[in-house]
Amino acid sequence: MTENFEWNDYEIIGFASGIAYKKFYENVNNAAEMMPGGKKVFFIYTCAKINSDFTNEIENIVLERGCECIGSYGCKGYNTYGPLKLIGGMNRKNPTEDELKNAVEFVKQIEMAYGN
Ligand SMILES: Cc1cc2nc3c(=O)[nH]c(=O)nc-3n(C[C@H](O)[C@H](O)[C@H](O)COP(=O)(O)O)c2cc1C
């Protein structure tokens, strides 16, 4: 996070991350642990294989902070986990153009539903 970042400048906050061991990256979870209550929060992730459970841990963190979870979007992302990097990785074409468009659409929908 940048030095000048102020949580209270924002009412809606999005966390974006790759997935490691079925969770958002630890530093992203750590950032969520620091947020003040009362925010609306959404999540975006890339992973090897889609599973809606990937947001469970960070959603719990956010709920414990007294914030509201308002949606998530996930898609496949380029994966170089372990030996995969030796063969050039997996999901080399992800996110696709369509997946990126869907991510943008997802954020626009959030803005329409919850923005001022
Ligand atoms: C150490 C490690 C663990 C991972 N664990 C998972 C996992 O549990 N489930 C999954 O679907 N993808 C997993 N992946 C794949 C990444 O989530 C995926 O490649 C993601 O697009 C990486 O995003 P980034 O390049 O922005 O970091 C893992 C990748 C790494 C390197």
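Residues numbered from 1 in each chain as written. Predicted model: local features only at pLDDT ≥ 70, side-chain atom pairs only at ≥ 80, totals over all residues. Heavy atoms only, no water.

### A look at the site of the ligand
If you check the shell around the ligand, you find 15 residues, and the closest are I19, K22, Y25, T46 and Y78. Backbone polar atom of I19 to an oxygen atom of the ligand: 2.5 Å apart, as the coordinates give it. Between K22 and the ligand, the recorded distance is 2.8 Å, taken from a backbone N or O atom to an oxygen atom. Compared with its free state, where it exposes 650 Å², the ligand has 70% of that area covered by protein. Those elements that provide at least two residues to the shell around the ligand are β1 (12-20) and β3 (40-47). The greatest single-element share of the shell around the ligand, amounting to 3 residues, is contributed by β1. Class assignment of the residues belonging to the shell around the ligand gives a composition of 9 nonpolar, 4 polar and 2 charged. (Near = heavy atom within 4 Å. Polar contact = N/O pair within 3.5 Å; in protein donor to acceptor, adjacent residues only side chain to side chain. Areas by Shrake-Rupley, 256 points an atom, 1.4 Å probe, with all protein chains shown as cover. Helix = DSSP H or I, 4+ residues; strand = E, 2+ residues; numbered from the N terminus. Nonpolar A, V, L, I, M, F, W, Y, C, P; charged D, E, K, R; others polar.)

### Digging into the packing of aromatic side chains
Following the criterion strictly, the structure yields 10 aromatic pairs and no others. Measuring from ring centre to ring centre gives 6.0 Å for Y21 and Y81, while their planes differ by 80 degrees; the resulting arrangement is edge-to-face. Placement of Y21 in the loop between β1 and β2 (23-24) and of Y81 in the loop between β4 (68-76) and α3 (97-114) is noted, with a sequence separation of 60 residues between them. Of the two residues examined, Y21 and Y81, each falls in the exposed class. Put simply, the rings of F5, W7, Y10, F15, F24, F43, Y45 and F54 pair up and form one aromatic cluster. (Phe/Tyr/Trp six-rings, centres within 6.5 Å; stacked < 30°, edge-to-face > 60°. Buried < 20%, exposed > 50% of the residue type's maximum accessible area, 1.4 Å probe, protein only.)

### Remarks on the packing of helix α1 (residues 26-33) against helix α2 (residues 56-64)
In contact at an axis separation of 9 Å, α1 and α2 are set at 15 degrees when each is read in the N-to-C sense. Between α1 and α2, the angle falls in the class roughly parallel. In the packing of α1 onto α2, the handedness of the crossing is right-handed. Across from V28, N29, A32 and E33 in α1, the residues of α2 making contact are E57, I58, I61 and V62. Counted by class, the contact of α1 with α2 contains 5 nonpolar, 1 polar and 2 charged residues. (Axes fitted to C-alpha atoms, helices over the stretch in contact; angles between N-to-C directions. Parallel < 35°, antiparallel > 145°, perpendicular 65-115°, else oblique. Left-handed = near helix turned anticlockwise from the far one by under 90°. Contact = heavy atoms within 4.5 Å.)

### Quick word on the nonpolar core
The biggest cluster of nonpolar side chains holds 18 residues, and the ones touching the most others in it are F15, F24, M35, V41, F43, I58 and V62. At the level of elements, β1, α1, β3 and α2 are the ones that each hand at least two residues to this core. When sequence neighbours within four positions are dropped, the list of residues in contact with V41 reads I13, F15, M35, V62, C67, E68, C69, I70 and G71. Formed by 7 residues, the second largest nonpolar core is a distinct cluster that contains Y73, C75, A103 and F106. (Core = buried A, V, L, I, M, F, W, Y, C linked by side-chain atoms within 4.5 Å.)

### Considering the sheet that holds β3
The strand order across the open sheet formed by 4 strands is β2-β1-β3-β4, and the pairing between neighbours is mixed. Each of the sheet's edge strands pairs with one partner strand only, and the pair in question is β2 and β4. Alignment of β1 against β3, held across 7 bridges, turns out to be parallel. Each residue of the ladder has a partner; that of I13, found in β3, is V41. (Pairing = 2+ DSSP bridges.)

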